[in-house]
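As a plain string of letters, each chain reads:
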Amino acid sequence: MMQWEIVIGLETHAQLRTKSKIFSGASTAFGAAPNVQACAVDIALPGVLPVLNRAAVGCAIRFGLAVGGAIAPRSIFARKNYFYPDLPKGYQISQYETPVISGGSLAIAVGQGEDRYEKTVQLTRAHLEEDAGKSLHEDFHGKSGIDLNRAGTPLLEIVTEPDMRSAAEAVAYAKALHALVQWIGICDGNMQEGSFRCDANVSVRPKGSDKLGTRREIKNLNSFRFMQQAIDYEVKWQIERIEDGGVIEQATVLFDPDSGETRAMRSKEDAQDYRYFPDPDLLPLEISPAWIAEVKSAMPELPAAMKDRFERDYQLSAYDAGALTATLATARYFEDCVAAAGAGSAKLCANWVMGELSARLNAAELDIEATPLSAVRLAGMIRRIADGTISGKIAKEVFDALWAGEAQDADAVIETRGLHQISDAGALEAIIDEVLAANPKSVEEFRAGKEKAFNALVGQLMKATRGRANPQQVNELLKKRLTGE
């Protein structure tokens, strides 16, 4: 059997976070009634002229700085000509020969545990363009409707080299890019609303070959799960077709989530089919070094730099630092927690943010920005773990109460419920005596060499103190009592 290599490149459309459209003053707010946010420029009335949105260019500069791309001092807008009902002008304003950003790269982590590896995906370009409108085919009594609210919405199209070799790598790249554009504040990343959409160019070739196979482009993948399913299906389909003696024809395909299959939509166009030429209504875009410096001065610390700092300053593992810098909101929450709890509690803060807090947020389907438990309140609980007031087990009870809003701070919960950790040796020894007297069989088994009996006795002690006993002291005092040392 021939072995195959998968080759994948992604084109991602990130909707830029501007209040108005890229060439008009119409609003970009989501959810308005059809066609109420389409002005004369958007619907291509005769005589109108586009005016470039400076904020959209600022977003492109931010992205170029974040990925280490070359920011063109002079770039050109072009007309991409094609006919579609939701494209009023009959062409889309985009960039072709001279994009605003060239090159750059994005580091990704693929897999988990021992199978985890890092890879760098090279970017070809990122260019500014306008979105088209939207065709609506439901609830129109057998007819179609056109909503032009999205027409003219500013997009940054980000194109990779064909660097990815599996669906897992493509998804890892898409997730890393999704996190980055939100981190630097240029896109809200809302995939359900169409703010972040990916097209996957997929081909296969015999292993060892350096010649690219014929690609098929899977359009408008708006979830990471669908991307994984679509690429896996497409790869399987292409390999089976070639092995059965068929030929792959270049095409644009759509993924059907219900069937889990891709289906051809149209033959794939090449650049010449769009008859690109410079837009005569728009001057070349000129970006000065001063403008780049201005944007750079307002950039947040980037994820890779912050990850390195977390490892260095807080002595966190690479895994922990990576998880905590997955989103800017998580990183800020963690740092707020450490600031309130003390730098010496950084590892405790990391464990609680990545553990209990993350689990609760997932269960409640909440983002960390919407958490009912502030970083300062969580830090208050962590301080009481660190100073021995409560044990890690009791802390879960305190966490539950804080999450439910039963009290304003951990101290109030501890006081009200009487959860102070028992660290007094005399009090613990008295409880140990009671537990040993009540469990003679476990005492006998321990002295006969069964280590599990010791754990059973510790469990009984913790039960007797409702988890309030200091675990380390319990272990030391119990062992001393049992062995007589």
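It should be emphasised that the depicted structure is a prediction, and the values quoted were computed from it without experimental measurement.

The rules behind these values
Residues numbered from 1 in each chain as written. Predicted model: local features only at pLDDT ≥ 70, side-chain atom pairs only at ≥ 80, totals over all residues. Heavy atoms only, no water. Buried < 20%, exposed > 50% of the residue type's maximum accessible area, 1.4 Å probe, protein only. Helix = DSSP H or I, 4+ residues; strand = E, 2+ residues; numbered from the N terminus. Pairing = 2+ DSSP bridges. Polar contact = N/O pair within 3.5 Å; in protein donor to acceptor, adjacent residues only side chain to side chain. Contact = heavy atoms within 4.5 Å.

### Quick word on the pairing of strand 1 (residues 4–15)
Next up, step 1: Among the twelve residues of strand 1, ten are classified as buried, and the element is accordingly described as predominantly covered.
Next up, step 2: Across eleven bridges, strand 1 lies against strand 12 (residues 196–206) in antiparallel orientation. Each residue of the ladder has a partner; that of Glu 5, found in strand 12, is Arg 205.
Next up, step 3: Of the strand pairs in this sheet, strand 1 and strand 11 (residues 154–160) are connected by five bridges, and their pairing is antiparallel. Its bridge partner being in strand 11, Glu 11 is matched across the sheet by Val 159.

### Quick notes on the side chain of Gln 37
Next up, step 1: You can see Gln 37 is positioned in the loop between strand 1 and helix 1 (54–67).
Next up, step 2: Of note is the side chain of Gln 37, whose polar atom sits 2.9 Å from the backbone oxygen of Ala 29.

### Looking at the environment of Glu 240
Next up, step 1: Within the fold, Glu 240 resides in helix 3 (residues 224–243).
Next up, step 2: Among the residues examined, Glu 240 registers a relative accessible area of 39% and is labelled partly exposed.
Next up, step 3: For Glu 240, the side chain forms a polar contact with the side chain of Lys 236, separated by 3.0 Å.

### Quick notes on the environment of Ser 24
Next up, step 1: In this fold, Ser 24 is placed in the loop between strand 1 and helix 1.
Next up, step 2: Exposure remark for Ser 24: the relative accessible area of 11% places this residue in the buried category.
Next up, step 3: Among residues more than four places away in sequence, those in contact with Ser 24 are Cys 39, Val 41, Asp 42 and Val 51.
Next up, step 4: A polar side-chain atom of Ser 24 sits 3.3 Å from the main-chain amide nitrogen of Ala 26.

Don't take any of this as a statement about function, it's just geometry.
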